[in-house]
Structure formats: structure tokens, C-alpha cells
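Coordinate inspection notes
Read off the chains here:
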Amino acid sequence: MAFEREWGTLAGIGGGGAGGYHRFAWTPADLALRAWFREQAARRDMACEQDRNGNLWAWWGTPGPGAVVTGSHLDSVPGGGAFDGPLGVVSAFLAIDVLRERGVEPARPIAVVDFADEEGARFGVACVGSRLLTGVLTPDDARALRDGDGVTLAEAMRAADADPDALGRDERALERIGSFVEMHVEQGRALDDLGARVGVASAIWPHGRWRCTFHGVADHAGTTRLADRHDPMQPFASTVLAARGMAERFGGLATFGKVRVEPGATNAIPSRVDAWLDCRAPDETTVTRMVKEIGAAARRAAGLHDVRVEVVTESSTPLVEFGDALRDRISAALGGVPALPTGAGHDAGVLSASVPAAMLFVRNPTGVSHSPAEHAETGDCVTGVFALAAVLEDLACR
Ligand code: GLV
Ligand code: MN
Ligand code: MN
């Protein structure tokens, strides 16, 4: 198995090492990853196309209905690990190699997909490619998304020679998907605890992103009396602590991982703090309650400092329960593997509302993810490739 060699061909694109990967949508790193994908397809004589929403597809067989689709994404969070996303794409190509070496002749087409902008690291909304494909995100809302420099998604796509006017629900692409199976590194330690190399996903927790903006008044850090301040950093800090408390109280997760402070000077009271809340829980009612309580805490804290706060939903993803039929079939094809829920979002979750979708997880010995320390042992990745090949063969040949 040429896993290490294939894996190595991606390693130098968009960062790596101690600083992690910085592979953001429609940047030069993303374009290099897209070129890599096209090259992988060409080497295998697979026809490659970019769909209306910027997702890349490589086809073994004639594109058409009933296709067995596999793959994942190549973009990363800031300072991301090597495995989240790329493992599913590399494994997909290698699984096809395994089937071809065995002389398997699929009765249905098999496609490898690279979904655009899964992490939402640049434009703030995750799974943009699959949300657009399925119509969950409208083209107008997508085109208007802005990155931290104010560049819209539409402008970024044009700069990368892609056409933002073509964005939108893609019936033709959807009709071709008979089933979608995404292989992914596990982002927890459940498989390690169970002593299993591979598992299937049972569910994805509902989750979302909320922008909390605290509007204060800029002033001098050395001359403004405490009583005269309208310091937005104070209620923001209280809200971070309140969010942690709510997560503990409700059995969910709440994270502020991104903050923008204006004007951003050590010696000035900020005029504005934008902070992004990521909130997740096992059920939607709990997510809604947590966000409501965190918003209330933010407003209370803001009131104490004469600061104005607004909370805006940037994205919201419902609970995903992967269908039993495909999941059980996959598990049976692998001789029975553990089924796990996850708190991480995935394109497979978005697709599951429109087509039969499932996920395979590969053991992550530390559980660390969204970090340069994310890891999977090569032996487990190879096991994952053979597992994916078995699943593709089952779905495409029987
Ligand atoms: C994506 O990885 C997410 O769970 O946010
Ligand atoms: Mn991720
Ligand atoms: Mn991922």
C-alpha cells in the first residue's frame, strides 16, 4: 500500500509542521490543493469536473445516477492538522486503486469528491460547498459572505477563476449520488478506548456559530477613569465565563475561539469586540437554551458597562442521525464495527438530509483535532483504506 507516498504528496501544501495547515477557501493554498486533486484524478484516468458550487468530482465510470460517492474536504482550520479532511480524499483515491488492482468492475459509477470550504475558516460558514449543493445555503447569502479583510466569497471565487453567479442547489449533481460515504479521522478517543481501528458514525450533534458584537467607546487606557469607561472587553470576558458555565450546566459545549478587537491597541480601550461562539449539544433544544442563556448573560454584562451587544446567528446545523440502512450495511461489510456519535460537523451530515449518507472513522490515538498535533497511525489509515474499498465494492457491485 502506497499510503505514505500518496500522503506525502499533500504534505507541503498550505503550511504544515508546528504551525499547522492554513488551507482556506479560494486562496493560493486551496488552488494548489485543487491542482493536486486534478492530478490524482488524471493519474487514474478519472474524468474531473468542478461543479457549480466549487466542489471537485473525479469519476471512475460514466457520471450518472446511482453513483457511489466518497471523499471529504481538503481545506483546514487555521493551524489545522493534516488528517481532518485530506484523510478522506487520499483514502478514496487509494481505495479505488485497491479495487482496480483486484480487478473489480463496478456496476455503478464511483466518484471521489472534494467539498469546497468545509471548515468555513475564511468566510465563517462551514460546509459551504455541500450546503450550496443541497440548497441549505442560498446563493445570495453565500456570495455576500465576507472574510476578515472584507473580501466577499463572490470576489474570492472570481479571483480564482470560478463563477459565483452559477452557485445554487444542483439537482443534476444530487441526482447522481446513490450514496455518499465520507471517511474521516476520528476527532475523539472513542475508537482507541474500544480498541477498534475503524468505526461508523451514528449521529452528529446539532451545532452552530453565533457572532456576538459588543459596541463600546474607544478611549485612552491611561487617562480614562474606570467609572467613565464603556469597555466592551469587560462584558465579553464575562460572557466567555458564562458560556463555560452554561456548557457545564446543560451538558453541551460552548467555545469562543475567535475574537476581533477594534482598534486593537494595547493602550486604548476597545471600541468594539466581535467574538464568535461555537455551541453544540446532543439535542437542538439544549443548543437553543444554551445560546439563549449565553445571550442573556452577555446582555446583563453589557448593561453593567453601558455597552451595547448584538448576537447574530451565522450558521445553524440540525441534529443528524445517519440512516440505519446504509450504516448497518457498511458495518456488515466490515464484519461489524462500533457506531459512534460525534460533535464535529461534516459534509456527510449536510448531505444526509438529501441523499443516503454515512461516515467511517479512523482511530485517532490522542483524540486531538483542529490542531497540528492531530494524528492517526499509518497502519490504521491503511486499515481505513481497505475498509473503504470493501464498502465501495459492496455498494457499487452488489
Ligand atoms: C468542523 O470540523 C466542525 O465541526 O466545526
Ligand atoms: Mn474540521
Ligand atoms: Mn473534516
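This one's a predicted model, so the numbers in the text were calculated from it and none came from an experiment.

Another point: the overall build of the chain. Scanning the chain from N- to C-terminus turns up 13 helices and 15 strands. The C-alpha radius of gyration of the chain comes to 22 Å, within 12% of the 21 Å expected for a compact globule of 398 residues. Considered along the principal axes of its C-alpha atoms, the chain spans approximately 80 × 45 × 40 Å. When each of the 398 residues of the chain is scored for burial, the buried share is 55%. Residue pairs in contact within the chain that sit at least 24 positions apart in sequence constitute 76% of those at least 6 positions apart. When the accessible area of the chain is evaluated, it comes to approximately 16300 Å², of which 51% is carbon and sulfur surface. Taking the average location of the 39 positive side-chain charges in the chain and that of its 53 negative ones, the two points are 2 Å from each other.

By the secondary structure assignment, S331 is in helix α11 (residues 324–333). Ignoring any residue separated from it by four or fewer positions in sequence, one finds S331 in contact with G336 and V337.

A few words now on the coordination of the manganese ion (ligand 3). Binding of the manganese ion (ligand 3) to the protein goes through H73 (NE2), D84 (OD) and H184 (NE2), at separations of 2.0 to 2.2 Å. Between consecutive donors of the manganese ion (ligand 3), the numbers of intervening residues give the motif H-x10-D-x99-H. The distance between the manganese ion (ligand 3) and the manganese ion (ligand 2) is 3.7 Å, with D84 acting as a donor to both metals. Linking D84 in the loop between β3 (67–73) and α3 (86–101) with H184 in strand β5 (residues 177–185), this pair joins segments that are 100 residues apart in sequence.

As a matter of local geometry, ligand 1 sits amid E119, R280, A344, G345 and H370. E119 is positioned such that a nitrogen or oxygen atom in its side chain is 3.1 Å from an oxygen atom of ligand 1. Within the side chain of R280, one N or O atom sits 2.8 Å away from an oxygen atom of ligand 1. Relative to its unbound accessible area of 200 Å², ligand 1 is 94% covered by the protein chains. For the shell around ligand 1, the residue count by class is 1 nonpolar, 2 polar and 2 charged.

Right, let's get into the nonpolar core. By size, the foremost hydrophobic cluster in this structure holds 52 residues, and its most contacted members are F3, W36, F37, V112 and L360. The residues contacting F37, other than those within four sequence positions of it, are C48, L56, W57, A58, L74, V89, F93, V112, V113 and D114. Among the nonpolar cores identified, the runner-up in size contains 25 residues, and W57, V113, F115 and I204 belong to it.

Under the domain assignment used here, the chain contains domain 1 (3–205 + 319–397) and domain 2 (207–317). With 13 residues of domain 1 at the contact, the number on the domain 2 side is 13 residues. Contact between domain 1 and domain 2 buries roughly 1100 Å² in total, counting both sides, with carbon and sulfur atoms accounting for 44%. Counting across the interface, domain 1 meets domain 2 through 0 salt bridges. The interface formed by domain 1 and domain 2 holds 7 residue pairs in polar contact (both at pLDDT 80 or more) in total. Among the residues making up the side of domain 1 that touches domain 2, the classes are represented as 6 nonpolar, 5 polar and 2 charged.

Now for the packing of helix α1 (residues 3–11) against helix α2 (residues 28–43). Where α1 contacts α2, the two axes come as close as 10 Å, and the packing angle between them is 150°. Taken together, the axes of α1 and α2 lie roughly antiparallel to each other. Residues E6, T9 and L10 of α1 form the contact with α2, whose own contacting residues are L33, W36, Q40 and R43. Partitioning the contact of α1 with α2 into residue classes produces 3 nonpolar, 2 polar and 2 charged.

Within the span of α11, buried status applies to L326, R327, I330 and S331. Buried residues along α11 cover an arc of 130° about the axis, so they all sit on one side. Relative to its buried face, α11 has exposed residues pointing more than 90 degrees away, namely A325 and A332. Close packing links the buried residues of α11 with β5, β6 (198–204), β14 (339–342), β15 (357–362) and α13 (378–397). Two residues or fewer after α11 comes G335, characterised by a positive phi angle close to 75°.

The rules behind these values
- Residues numbered from 1 in each chain as written.
- Chains lettered and ligands numbered in written order.
- Predicted model: local features only at pLDDT ≥ 70, side-chain atom pairs only at ≥ 80, totals over all residues.
- Heavy atoms only, no water.
- Helix = DSSP H or I, 4+ residues; strand = E, 2+ residues; numbered from the N terminus.
- Rg over C-alpha atoms; globule rule 2.2 N^0.38 Å.
- Buried < 20%, exposed > 50% of the residue type's maximum accessible area, 1.4 Å probe, protein only.
- Contact = heavy atoms within 4.5 Å.
- Areas by Shrake-Rupley, 256 points an atom, 1.4 Å probe, with all protein chains shown as cover.
- Lys, Arg positive; Asp, Glu negative; His and termini not counted.
- Charge placed at Lys NZ, Arg CZ, Asp CG, Glu CD.
- Donors = N, O, S within 2.8 Å, 3.2 Å for Na, K, Ca; no water.
- Near = heavy atom within 4 Å.
- Polar contact = N/O pair within 3.5 Å; in protein donor to acceptor, adjacent residues only side chain to side chain.
- Nonpolar A, V, L, I, M, F, W, Y, C, P; charged D, E, K, R; others polar.
- Core = buried A, V, L, I, M, F, W, Y, C linked by side-chain atoms within 4.5 Å.
- Domains from an automatic or database assignment.
- Buried area = accessible area lost by both parts, 1.4 Å probe.
- Salt bridge = Lys/Arg side-chain N within 4 Å of Asp/Glu carboxyl O.
- Axes fitted to C-alpha atoms, helices over the stretch in contact; angles between N-to-C directions.
- Parallel < 35°, antiparallel > 145°, perpendicular 65-115°, else oblique.
- Arc of directions from axis to C-beta.

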